[in-house]
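Each chain, letter by letter, is given below.
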Amino acid sequence: MNHQVNELDMLKKLDRDHVWHHLTPHSAAEKGLPMFVRGEGLRLWDSEGNEYLDASAGGVWVTNVGYGRQEIANAVAAQLSQLNFFAGAMASAPAAAFAKKLLEKMPGMNRVYYSNSGSEANEKAFKMVRQIAHKYYGGKKSKILYRDRDYHGTTLAALSATGQAERRAQFGPFAPGFVEVPHCCEYRNQYPEAEDYGLRAADAIEEVVLQEGPDTVGAIILEPITAGGGVITPPAGYWPRVREICDRYNILLIMDEVVCGVGRTGRWFGYQHYDVQPDIVTMAKGLASGYAAISCTVTTERVYELLQEKSAEDTLGYFRDISTFGGCLAGPAAALVNMQILEEENLVQNSQQMGDYLLTRLAALKDKHPIIGDVRGKGLFAGIELVQDRDSKVPVDESVAIAIVGRCKEMGVLIGRTNRSFERYNNILNFSPALTATAEQIDQIVNTLDQAISSVVA
(Lines give C-alpha, C1' and ligand atoms only; values in the text may rest on other atoms or scores of the structure.)
Protein backbone atom coordinates (compact mmCIF):
# COMPACT_ATOMS: atom_id res chain seq x y z
CA MET A 1 0.00 0.00 0.00
CA ASN A 2 2.79 2.43 0.90
CA HIS A 3 4.44 1.62 -2.41
CA GLN A 4 1.23 2.59 -4.25
CA VAL A 5 0.96 5.83 -2.28
CA ASN A 6 4.57 6.73 -3.00
CA GLU A 7 4.12 5.97 -6.70
CA LEU A 8 1.01 8.14 -6.81
CA ASP A 9 2.79 11.03 -5.10
CA MET A 10 5.62 10.71 -7.61
CA LEU A 11 3.19 10.79 -10.56
CA LYS A 12 1.47 13.87 -9.18
CA LYS A 13 4.83 15.60 -8.82
CA LEU A 14 5.78 14.64 -12.36
CA ASP A 15 2.49 16.04 -13.57
CA ARG A 16 3.01 19.35 -11.76
CA ASP A 17 6.60 19.65 -12.94
CA HIS A 18 6.35 18.54 -16.56
CA VAL A 19 2.85 18.37 -18.04
CA TRP A 20 1.58 21.46 -19.84
CA HIS A 21 -2.20 21.26 -19.33
CA HIS A 22 -4.75 22.50 -21.83
CA LEU A 23 -6.60 25.73 -21.02
CA THR A 24 -5.00 25.84 -17.56
CA PRO A 25 -2.97 28.72 -16.12
CA HIS A 26 0.10 27.85 -14.06
CA SER A 27 -1.50 29.27 -10.92
CA ALA A 28 -4.07 26.46 -11.08
CA ALA A 29 -1.75 23.71 -12.28
CA GLU A 30 0.85 24.26 -9.57
CA LYS A 31 -1.78 23.56 -6.90
CA GLY A 32 -2.28 20.11 -8.40
CA LEU A 33 -5.16 19.00 -10.59
CA PRO A 34 -7.46 16.00 -10.09
CA MET A 35 -5.93 12.88 -11.59
CA PHE A 36 -8.76 10.77 -12.93
CA VAL A 37 -7.94 7.06 -12.91
CA ARG A 38 -11.18 5.27 -13.76
CA GLY A 39 -14.52 5.85 -15.43
CA GLU A 40 -17.77 3.94 -15.85
CA GLY A 41 -20.91 5.31 -17.48
CA LEU A 42 -21.13 8.93 -16.32
CA ARG A 43 -18.99 8.28 -13.24
CA LEU A 44 -15.33 9.16 -12.73
CA TRP A 45 -12.97 8.41 -9.87
CA ASP A 46 -9.78 10.30 -9.10
CA SER A 47 -6.57 9.06 -7.53
CA GLU A 48 -7.84 10.02 -4.06
CA GLY A 49 -10.92 7.86 -4.44
CA ASN A 50 -13.32 10.78 -4.92
CA GLU A 51 -16.29 10.05 -7.17
CA TYR A 52 -17.76 12.50 -9.68
CA LEU A 53 -20.75 12.54 -12.00
CA ASP A 54 -19.50 13.94 -15.31
CA ALA A 55 -22.05 16.30 -16.86
CA SER A 56 -19.47 17.61 -19.35
CA ALA A 57 -18.77 14.50 -21.48
CA GLY A 58 -15.06 14.48 -20.72
CA GLY A 59 -14.87 18.25 -20.28
CA VAL A 60 -15.23 19.04 -23.98
CA TRP A 61 -18.35 17.25 -25.29
CA VAL A 62 -16.64 13.97 -26.25
CA THR A 63 -17.71 10.86 -24.31
CA ASN A 64 -21.16 10.42 -25.86
CA VAL A 65 -21.57 6.73 -24.94
CA GLY A 66 -19.90 7.10 -21.56
CA TYR A 67 -16.84 5.61 -19.90
CA GLY A 68 -15.79 1.98 -19.60
CA ARG A 69 -17.15 0.67 -22.89
CA GLN A 70 -15.22 -2.56 -23.11
CA GLU A 71 -16.71 -3.44 -26.49
CA ILE A 72 -15.10 -0.38 -28.08
CA ALA A 73 -11.78 -1.04 -26.36
CA ASN A 74 -11.89 -4.64 -27.56
CA ALA A 75 -12.64 -3.59 -31.15
CA VAL A 76 -9.73 -1.14 -31.11
CA ALA A 77 -7.37 -3.74 -29.64
CA ALA A 78 -8.42 -6.33 -32.23
CA GLN A 79 -7.93 -3.89 -35.10
CA LEU A 80 -4.54 -2.70 -33.86
CA SER A 81 -3.38 -6.30 -33.46
CA GLN A 82 -4.44 -7.13 -37.01
CA LEU A 83 -3.35 -3.87 -38.71
CA ASN A 84 -2.79 -0.58 -36.93
CA PHE A 85 -1.96 1.81 -39.75
CA PHE A 86 -1.45 2.51 -43.36
CA ALA A 87 -1.72 5.93 -44.95
CA GLY A 88 -5.18 6.88 -46.17
CA ALA A 89 -3.99 6.74 -49.77
CA MET A 90 -4.84 3.02 -49.57
CA ALA A 91 -8.11 1.28 -48.77
CA SER A 92 -8.98 -0.31 -45.43
CA ALA A 93 -11.89 -2.40 -44.21
CA PRO A 94 -12.70 -0.29 -41.11
CA ALA A 95 -12.72 2.98 -43.08
CA ALA A 96 -15.03 1.52 -45.72
CA ALA A 97 -17.39 -0.05 -43.19
CA PHE A 98 -17.69 3.08 -41.07
CA ALA A 99 -18.18 5.34 -44.09
CA LYS A 100 -21.19 3.23 -45.10
CA LYS A 101 -22.64 3.30 -41.59
CA LEU A 102 -22.11 7.05 -41.24
CA LEU A 103 -23.59 7.98 -44.62
CA GLU A 104 -26.73 6.00 -43.82
CA LYS A 105 -27.42 8.72 -41.23
CA MET A 106 -26.71 11.60 -43.62
CA PRO A 107 -28.99 11.62 -46.69
CA GLY A 108 -27.53 13.74 -49.47
CA MET A 109 -23.91 13.25 -48.37
CA ASN A 110 -21.68 10.72 -50.10
CA ARG A 111 -17.92 11.02 -49.37
CA VAL A 112 -15.98 10.67 -46.12
CA TYR A 113 -12.48 12.13 -45.68
CA TYR A 114 -10.72 10.91 -42.51
CA SER A 115 -8.44 12.92 -40.25
CA ASN A 116 -7.84 13.05 -36.50
CA SER A 117 -9.34 16.19 -34.91
CA GLY A 118 -12.12 18.70 -35.35
CA SER A 119 -9.64 21.44 -36.15
CA GLU A 120 -8.12 19.30 -38.86
CA ALA A 121 -11.53 18.36 -40.27
CA ASN A 122 -12.31 22.07 -40.67
CA GLU A 123 -8.88 22.74 -42.19
CA LYS A 124 -9.67 20.12 -44.84
CA ALA A 125 -12.95 21.86 -45.61
CA PHE A 126 -11.17 25.21 -45.96
CA LYS A 127 -8.59 23.70 -48.29
CA MET A 128 -11.36 22.19 -50.42
CA VAL A 129 -12.99 25.62 -50.74
CA ARG A 130 -9.71 27.28 -51.65
CA GLN A 131 -8.82 24.65 -54.25
CA ILE A 132 -12.26 24.96 -55.85
CA ALA A 133 -11.71 28.71 -55.99
CA HIS A 134 -8.44 28.25 -57.87
CA LYS A 135 -9.74 25.55 -60.21
CA TYR A 136 -12.95 27.27 -61.27
CA TYR A 137 -12.83 30.95 -60.30
CA GLY A 138 -9.28 32.05 -60.93
CA GLY A 139 -8.59 32.02 -57.18
CA LYS A 140 -11.08 34.83 -56.54
CA LYS A 141 -14.00 33.02 -54.85
CA SER A 142 -11.86 32.09 -51.87
CA LYS A 143 -13.29 34.01 -48.90
CA ILE A 144 -14.81 31.97 -46.10
CA LEU A 145 -17.44 33.52 -43.84
CA TYR A 146 -17.75 32.56 -40.18
CA ARG A 147 -20.09 33.68 -37.42
CA ASP A 148 -19.53 35.78 -34.34
CA ARG A 149 -19.48 33.50 -31.25
CA ASP A 150 -18.85 30.26 -33.22
CA TYR A 151 -15.69 28.22 -32.60
CA HIS A 152 -14.03 26.06 -35.25
CA GLY A 153 -10.75 24.87 -33.81
CA THR A 154 -7.34 25.58 -32.39
CA THR A 155 -5.09 25.78 -35.46
CA LEU A 156 -4.33 29.19 -36.93
CA ALA A 157 -6.69 28.79 -39.88
CA ALA A 158 -9.45 27.43 -37.64
CA LEU A 159 -8.89 30.33 -35.23
CA SER A 160 -9.05 32.67 -38.21
CA ALA A 161 -12.63 31.42 -38.61
CA THR A 162 -13.51 31.69 -34.91
CA GLY A 163 -15.74 34.44 -33.55
CA GLN A 164 -14.40 34.48 -29.99
CA ALA A 165 -12.08 37.34 -29.11
CA GLU A 166 -10.30 35.79 -26.12
CA ARG A 167 -9.71 32.52 -27.98
CA ARG A 168 -7.93 34.51 -30.68
CA ALA A 169 -6.14 37.06 -28.51
CA GLN A 170 -2.33 37.14 -28.88
CA PHE A 171 -2.29 34.44 -31.60
CA GLY A 172 -2.45 36.70 -34.66
CA PRO A 173 -1.80 37.62 -37.35
CA PHE A 174 -4.43 35.32 -38.79
CA ALA A 175 -4.92 33.75 -42.19
CA PRO A 176 -6.41 36.18 -44.72
CA GLY A 177 -9.73 35.66 -46.42
CA PHE A 178 -11.89 34.89 -43.38
CA VAL A 179 -14.77 37.32 -42.78
CA GLU A 180 -17.10 37.49 -39.78
CA VAL A 181 -20.91 37.64 -39.95
CA PRO A 182 -23.15 38.59 -36.99
CA HIS A 183 -24.35 36.12 -34.36
CA CYS A 184 -27.90 34.76 -34.13
CA CYS A 185 -28.39 34.78 -30.34
CA GLU A 186 -31.96 35.98 -29.91
CA TYR A 187 -31.42 36.52 -26.17
CA ARG A 188 -28.82 39.13 -27.21
CA ASN A 189 -31.02 40.53 -29.97
CA GLN A 190 -29.01 43.11 -31.93
CA TYR A 191 -31.99 43.93 -34.20
CA PRO A 192 -34.75 45.05 -31.81
CA GLU A 193 -36.61 46.79 -34.63
CA ALA A 194 -36.96 43.56 -36.66
CA GLU A 195 -40.32 41.80 -36.74
CA ASP A 196 -38.72 38.39 -37.39
CA TYR A 197 -35.38 37.95 -35.66
CA GLY A 198 -34.50 34.69 -37.40
CA LEU A 199 -34.89 36.12 -40.89
CA ARG A 200 -33.13 39.35 -39.91
CA ALA A 201 -30.15 37.48 -38.43
CA ALA A 202 -29.84 35.40 -41.60
CA ASP A 203 -30.21 38.43 -43.85
CA ALA A 204 -27.23 39.95 -42.04
CA ILE A 205 -25.17 37.24 -43.73
CA GLU A 206 -26.36 38.37 -47.14
CA GLU A 207 -25.37 41.92 -46.26
CA VAL A 208 -21.81 40.76 -45.63
CA VAL A 209 -21.79 38.75 -48.87
CA LEU A 210 -22.86 41.82 -50.83
CA GLN A 211 -20.33 44.01 -49.03
CA GLU A 212 -17.47 41.60 -49.79
CA GLY A 213 -18.71 40.79 -53.29
CA PRO A 214 -20.50 37.50 -54.07
CA ASP A 215 -17.83 36.63 -56.61
CA THR A 216 -15.24 36.57 -53.78
CA VAL A 217 -17.13 34.40 -51.25
CA GLY A 218 -16.70 30.65 -51.62
CA ALA A 219 -18.15 29.24 -48.40
CA ILE A 220 -19.61 29.89 -44.99
CA ILE A 221 -18.89 27.74 -41.94
CA LEU A 222 -21.46 27.63 -39.13
CA GLU A 223 -22.25 25.49 -36.11
CA PRO A 224 -25.88 24.26 -36.26
CA ILE A 225 -26.08 25.17 -32.58
CA THR A 226 -23.26 27.37 -31.31
CA ALA A 227 -21.43 25.36 -28.65
CA GLY A 228 -18.58 26.99 -26.76
CA GLY A 229 -19.93 30.40 -27.70
CA GLY A 230 -22.90 29.94 -25.38
CA VAL A 231 -25.09 26.98 -26.48
CA ILE A 232 -27.02 29.24 -28.87
CA THR A 233 -29.96 27.59 -30.61
CA PRO A 234 -30.84 29.24 -33.92
CA PRO A 235 -34.06 31.27 -34.14
CA ALA A 236 -37.01 30.11 -36.23
CA GLY A 237 -36.60 30.71 -39.94
CA TYR A 238 -32.85 31.19 -39.74
CA TRP A 239 -31.53 28.05 -41.41
CA PRO A 240 -33.83 27.92 -44.48
CA ARG A 241 -32.90 31.54 -45.23
CA VAL A 242 -29.19 30.78 -44.83
CA ARG A 243 -29.53 27.97 -47.39
CA GLU A 244 -31.38 30.32 -49.76
CA ILE A 245 -28.54 32.85 -49.51
CA CYS A 246 -25.93 30.16 -50.19
CA ASP A 247 -27.84 28.96 -53.25
CA ARG A 248 -28.37 32.50 -54.54
CA TYR A 249 -24.67 33.35 -54.50
CA ASN A 250 -23.16 29.91 -55.16
CA ILE A 251 -21.67 29.63 -51.66
CA LEU A 252 -20.78 26.26 -50.11
CA LEU A 253 -22.41 25.65 -46.72
CA ILE A 254 -20.02 23.98 -44.26
CA MET A 255 -21.75 22.64 -41.16
CA ASP A 256 -19.42 22.24 -38.18
CA GLU A 257 -20.90 19.29 -36.27
CA VAL A 258 -17.79 18.68 -34.17
CA VAL A 259 -19.84 19.15 -30.98
CA CYS A 260 -23.43 18.69 -32.14
CA GLY A 261 -22.92 15.58 -34.24
CA VAL A 262 -23.56 11.90 -33.50
CA GLY A 263 -26.61 12.23 -31.29
CA ARG A 264 -25.73 15.05 -28.92
CA THR A 265 -28.77 17.21 -29.84
CA GLY A 266 -31.35 14.40 -30.04
CA ARG A 267 -30.86 13.84 -33.78
CA TRP A 268 -27.96 12.14 -35.49
CA PHE A 269 -26.74 15.59 -36.55
CA GLY A 270 -27.71 19.04 -35.35
CA TYR A 271 -28.52 20.39 -38.81
CA GLN A 272 -31.21 17.71 -39.17
CA HIS A 273 -33.44 19.66 -36.77
CA TYR A 274 -33.66 22.52 -39.25
CA ASP A 275 -34.50 21.10 -42.69
CA VAL A 276 -31.27 22.31 -44.26
CA GLN A 277 -28.91 20.45 -46.59
CA PRO A 278 -25.18 21.22 -46.20
CA ASP A 279 -22.48 20.80 -48.81
CA ILE A 280 -19.76 19.82 -46.33
CA VAL A 281 -20.13 18.49 -42.76
CA THR A 282 -17.26 18.25 -40.30
CA MET A 283 -17.30 16.12 -37.15
CA ALA A 284 -15.06 14.72 -34.41
CA LYS A 285 -15.51 14.54 -30.58
CA GLY A 286 -18.45 12.12 -30.08
CA LEU A 287 -17.64 10.29 -33.31
CA ALA A 288 -15.74 7.66 -31.30
CA SER A 289 -16.53 9.00 -27.80
CA GLY A 290 -12.84 9.53 -27.10
CA TYR A 291 -11.85 5.86 -27.45
CA ALA A 292 -9.71 6.77 -30.47
CA ALA A 293 -8.76 9.95 -32.32
CA ILE A 294 -10.87 10.42 -35.43
CA SER A 295 -12.59 13.17 -37.39
CA CYS A 296 -14.39 13.27 -40.71
CA THR A 297 -14.99 15.85 -43.41
CA VAL A 298 -18.08 14.60 -45.24
CA THR A 299 -19.08 16.04 -48.61
CA THR A 300 -21.70 15.72 -51.28
CA GLU A 301 -20.75 13.88 -54.44
CA ARG A 302 -20.76 17.24 -56.26
CA VAL A 303 -18.02 18.63 -54.02
CA TYR A 304 -16.01 15.42 -54.46
CA GLU A 305 -16.32 15.62 -58.25
CA LEU A 306 -15.20 19.25 -58.29
CA LEU A 307 -11.93 18.15 -56.71
CA GLN A 308 -10.97 15.43 -59.17
CA GLU A 309 -8.64 15.65 -62.15
CA LYS A 310 -10.36 16.46 -65.45
CA SER A 311 -7.74 14.88 -67.73
CA ALA A 312 -4.40 13.08 -67.67
CA GLU A 313 -2.70 16.46 -67.92
CA ASP A 314 -4.59 17.87 -64.94
CA THR A 315 -1.99 16.69 -62.44
CA LEU A 316 -2.95 19.28 -59.80
CA GLY A 317 -6.69 18.84 -60.18
CA TYR A 318 -7.42 16.36 -57.41
CA PHE A 319 -7.44 17.11 -53.67
CA ARG A 320 -3.75 16.73 -52.84
CA ASP A 321 -4.01 16.42 -49.10
CA ILE A 322 -3.13 13.93 -46.40
CA SER A 323 -3.79 13.46 -42.71
CA THR A 324 -1.14 11.19 -41.25
CA PHE A 325 -3.25 9.83 -38.42
CA GLY A 326 -6.31 9.76 -40.62
CA GLY A 327 -4.68 6.48 -41.60
CA CYS A 328 -4.77 5.06 -38.06
CA LEU A 329 -7.36 2.29 -38.16
CA ALA A 330 -8.21 2.56 -34.47
CA GLY A 331 -10.40 5.57 -35.33
CA PRO A 332 -12.94 4.01 -37.71
CA ALA A 333 -12.88 0.76 -35.73
CA ALA A 334 -13.88 2.63 -32.58
CA ALA A 335 -16.37 4.86 -34.41
CA LEU A 336 -18.16 1.87 -35.93
CA VAL A 337 -18.78 0.21 -32.55
CA ASN A 338 -19.62 3.59 -31.02
CA MET A 339 -22.38 4.04 -33.59
CA GLN A 340 -23.63 0.49 -33.08
CA ILE A 341 -24.00 1.25 -29.36
CA LEU A 342 -25.92 4.42 -30.15
CA GLU A 343 -28.29 2.41 -32.35
CA GLU A 344 -28.74 -0.65 -30.15
CA GLU A 345 -29.32 1.32 -26.96
CA ASN A 346 -31.50 4.00 -28.63
CA LEU A 347 -29.21 6.69 -27.27
CA VAL A 348 -30.15 9.34 -29.83
CA GLN A 349 -33.77 9.02 -28.68
CA ASN A 350 -32.60 9.03 -25.07
CA SER A 351 -30.70 12.24 -25.75
CA GLN A 352 -33.89 13.85 -26.98
CA GLN A 353 -36.03 12.58 -24.10
CA MET A 354 -33.56 13.20 -21.30
CA GLY A 355 -32.63 16.50 -22.93
CA ASP A 356 -36.24 17.63 -22.71
CA TYR A 357 -36.24 16.64 -19.06
CA LEU A 358 -32.96 18.48 -18.41
CA LEU A 359 -34.26 21.67 -20.05
CA THR A 360 -37.52 21.42 -18.08
CA ARG A 361 -35.62 21.11 -14.82
CA LEU A 362 -33.29 23.97 -15.70
CA ALA A 363 -36.28 26.15 -16.59
CA ALA A 364 -37.74 25.44 -13.15
CA LEU A 365 -34.42 26.45 -11.65
CA LYS A 366 -34.65 29.73 -13.56
CA ASP A 367 -37.92 30.45 -11.78
CA LYS A 368 -36.08 30.08 -8.47
CA HIS A 369 -32.82 31.93 -9.18
CA PRO A 370 -32.95 35.46 -10.69
CA ILE A 371 -29.28 35.08 -11.68
CA ILE A 372 -30.38 32.73 -14.49
CA GLY A 373 -31.28 34.94 -17.41
CA ASP A 374 -31.79 32.33 -20.12
CA VAL A 375 -32.02 28.55 -20.52
CA ARG A 376 -31.41 27.09 -23.98
CA GLY A 377 -30.33 23.96 -25.80
CA LYS A 378 -31.41 20.81 -27.62
CA GLY A 379 -31.02 17.22 -26.53
CA LEU A 380 -28.38 16.59 -23.89
CA PHE A 381 -26.74 19.86 -24.85
CA ALA A 382 -27.91 22.71 -22.64
CA GLY A 383 -26.70 26.06 -21.36
CA ILE A 384 -27.76 28.71 -18.90
CA GLU A 385 -26.72 32.34 -19.14
CA LEU A 386 -26.01 34.10 -15.85
CA VAL A 387 -26.90 37.79 -15.48
CA GLN A 388 -26.75 40.46 -12.82
CA ASP A 389 -30.42 41.18 -13.39
CA ARG A 390 -32.92 40.07 -15.99
CA ASP A 391 -34.05 43.50 -17.10
CA SER A 392 -30.62 44.79 -18.11
CA LYS A 393 -29.23 41.35 -19.01
CA VAL A 394 -25.81 42.55 -17.86
CA PRO A 395 -23.66 39.41 -17.64
CA VAL A 396 -22.22 38.36 -14.31
CA ASP A 397 -18.47 38.54 -13.95
CA GLU A 398 -16.81 35.31 -15.01
CA SER A 399 -15.68 34.80 -11.40
CA VAL A 400 -19.29 33.97 -10.53
CA ALA A 401 -19.47 31.24 -13.17
CA ILE A 402 -16.08 29.93 -12.04
CA ALA A 403 -17.29 29.79 -8.43
CA ILE A 404 -20.46 27.88 -9.34
CA VAL A 405 -18.54 25.36 -11.42
CA GLY A 406 -16.06 24.94 -8.56
CA ARG A 407 -18.82 24.44 -6.01
CA CYS A 408 -20.47 21.78 -8.20
CA LYS A 409 -17.13 20.01 -8.46
CA GLU A 410 -16.74 20.05 -4.67
CA MET A 411 -20.14 18.36 -4.47
CA GLY A 412 -19.14 15.72 -7.02
CA VAL A 413 -20.63 17.00 -10.29
CA LEU A 414 -18.55 18.25 -13.22
CA ILE A 415 -20.17 20.89 -15.43
CA GLY A 416 -18.72 23.19 -18.09
CA ARG A 417 -18.58 26.93 -18.75
CA THR A 418 -17.40 29.41 -21.35
CA ASN A 419 -13.67 29.65 -20.73
CA ARG A 420 -11.56 32.61 -21.92
CA SER A 421 -13.79 32.98 -24.96
CA PHE A 422 -15.18 36.52 -24.75
CA GLU A 423 -14.45 39.84 -23.15
CA ARG A 424 -17.96 40.00 -21.62
CA TYR A 425 -19.82 36.73 -22.10
CA ASN A 426 -17.81 34.20 -20.11
CA ASN A 427 -21.02 33.87 -18.12
CA ILE A 428 -22.56 30.70 -19.52
CA LEU A 429 -22.68 27.30 -17.83
CA ASN A 430 -23.09 24.27 -20.04
CA PHE A 431 -24.28 20.71 -19.53
CA SER A 432 -23.57 17.75 -21.79
CA PRO A 433 -23.78 14.43 -19.93
CA ALA A 434 -23.24 11.21 -21.87
CA LEU A 435 -26.22 10.18 -23.96
CA THR A 436 -26.82 7.27 -21.56
CA ALA A 437 -27.94 9.73 -18.85
CA THR A 438 -30.92 8.72 -16.71
CA ALA A 439 -33.56 10.89 -15.08
CA GLU A 440 -31.95 10.20 -11.71
CA GLN A 441 -28.60 11.48 -12.99
CA ILE A 442 -30.26 14.57 -14.47
CA ASP A 443 -31.81 15.18 -11.05
CA GLN A 444 -28.40 14.91 -9.39
CA ILE A 445 -26.92 17.41 -11.85
CA VAL A 446 -29.71 19.97 -11.42
CA ASN A 447 -30.05 19.54 -7.65
CA THR A 448 -26.31 20.05 -7.26
CA LEU A 449 -26.44 23.12 -9.46
CA ASP A 450 -29.32 24.47 -7.38
CA GLN A 451 -27.28 24.14 -4.20
CA ALA A 452 -24.16 25.60 -5.82
CA ILE A 453 -25.97 28.70 -7.03
CA SER A 454 -27.56 29.18 -3.60
CA SER A 455 -24.21 28.95 -1.86
CA VAL A 456 -22.37 31.25 -4.30
CA VAL A 457 -25.05 33.90 -4.75
CA ALA A 458 -26.31 33.97 -1.14
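Residues numbered from 1 in each chain as written. Predicted model: local features only at pLDDT ≥ 70, side-chain atom pairs only at ≥ 80, totals over all residues. Heavy atoms only, no water.

Some remarks on the overall build of the protein
So the rule is basically this: By the criteria applied, helices consist of DSSP H or I runs no shorter than four residues and strands consist of E runs no shorter than two, each listed in order from the N terminus. We take the radius of gyration over the C-alpha atoms and set the globule estimate at 2.2 Å times the residue count to the 0.38 power. Here, residues are in contact when the closest pair of their heavy atoms is within 4.5 Å. Charged-residue counts in this description rest on Lys and Arg as positive and Asp and Glu as negative, His and the chain ends being excluded. Taken as the charge location is NZ of Lys, CZ of Arg, CG of Asp or CD of Glu.
For the protein, the count of helices and strands is 15 helices and 15 strands. A compact globule built from 458 residues should have a C-alpha radius of gyration of about 23 Å, and the protein, at 22 Å, falls within 12% of that. The C-alpha extent of the protein, read off along each of the three principal axes, is 70 × 65 × 40 Å. Taking as baseline every contact in the protein between residues at least 6 positions apart, the subset at least 24 positions apart corresponds to 71%. Both charge centroids of the protein, one from 45 positive and one from 56 negative side chains, sit 1 Å from each other.

What to know about the sheet that holds strand β9 (residues 280–283)
By definition, the strands of a sheet pair up through backbone hydrogen bonds, in either a parallel or an antiparallel sense. So the rule is basically this: A pair of strands counts as paired when DSSP detects no fewer than two bridges linking them. Each axis is a line fitted through C-alpha atoms, and for a helix only the stretch in contact is used; angles between axes span 0 to 180 degrees, taken between their N-to-C directions.
Taken together, seven strands build an open sheet; the order of strands is β4-β10-β9-β8-β7-β5-β6 and the sheet is mixed. Each end of this open sheet is capped by a strand with a single partner; those strands are β4 (111–115) and β6 (178–181). Shown here is a sheet whose adjacent strand axes are inclined to one another by a mean of 20°, direction ignored. Of the pairings in the sheet, the one linking β9 to strand β10 (residues 295–299) comprises four bridges and is antiparallel in character. Counted as the bridge partner of I280 is T299 from β10. Each of β4, β9 and β10 is contacted by helix α5 (residues 93–103), which is oriented at about 125° to β4, the strand it contacts most. Running over the sheet, helix α10 (residues 238–248) touches β5 (143–147), β7 (217–222) and β8 (252–256) and is turned about 140° from β8.

What about α5?
Let me state the cut-off plainly: Note on exposure labels: buried denotes an accessible area under 20% of the residue type's maximum, exposed denotes more than 50%, and partly exposed covers the range between, all computed with a 1.4 Å probe on protein chains only. Here a polar contact is recorded for every N or O atom pair within 3.5 Å, except that within protein the pair must consist of a potential hydrogen donor and a potential acceptor, and residues adjacent in sequence are included only if both atoms are side-chain atoms.
All buried positions along α5 are accounted for by P94, A95, F98, A99, K101, L102 and L103. Those residues of α5 that are buried are in contact with α4 (70–82), β4, β9, β10 and α12 (330–344). Capping the start of α5 is the job of one residue whose side-chain oxygen sits 3.3 Å from the backbone nitrogen of A95: S92.

Considering the environment of V413
With respect to the element layout, V413 can be found in strand β13 (residues 413–414). V413 gets classed as buried once you look at its relative accessible area, which sits at 0%. A C-alpha to C-alpha distance of 19 Å links V413 and G32, two positions 381 residues apart in sequence. If we skip the residues at most four places from it in the chain, V413 touches L53, A55, C408, Q444, I445 and T448.

Remarks on the nonpolar core
Grouped burial of nonpolar side chains is what soluble globular proteins tend to show. Note the cut-off: Here the nonpolar core consists of buried residues drawn from Ala, Val, Leu, Ile, Met, Phe, Trp, Tyr and Cys, with membership extended through side-chain atoms lying within 4.5 Å.
Grouped together as the largest cluster of nonpolar side chains are 99 residues, with contacts concentrated most on L429 and L449. Per-element accounting of this core gives the leading share, eight residues, to α12. What L429 contacts, discounting residues up to four positions off in sequence, is A382, G383, I384, L386, A401, I404, V405, I415, G416, R417 and L449. Judged by nonpolar contacts, the second largest core, of 20 residues, contains I132, A157, L252 and L307.

As for the pairing of β8
Applied cut-off: Crossover handedness is defined by viewing with both strands directed away from the observer: a clockwise path from the first strand over the helix to the second marks the crossover as right-handed.
Of all five residues in β8, five are buried; the element is thus mostly enclosed. The alternating pattern of β8 places L252, I254 and D256 on one face and L253 and M255 on the opposite face, and all of these are buried. Across four bridges, β7 lies against β8 in parallel orientation. In the strand pairing of β8, I221 is matched with I254. Read from β7 through α10 to β8, the crossover connection turns out right-handed. Bridging between β8 and β9 involves three bridges; their strand directions are parallel.

Describing unusual backbone geometry
For the peptide bond that leads from G172 to P173, omega is 5°, which places it in the cis range. Among the structural elements, P173 can be located in the loop between α8 (165–168) and β6. One non-glycine residue, R149, lies in positive phi territory at about 85°. Tracing the chain through its elements places R149 in the loop between β5 and α7 (156–160). Residue R149 is classed as buried on the basis of its relative accessible area of 2%. For V262, which is not a glycine, the phi torsion comes out positive at approximately 65°. Within the secondary structure, V262 is located in the loop between β8 and β9.

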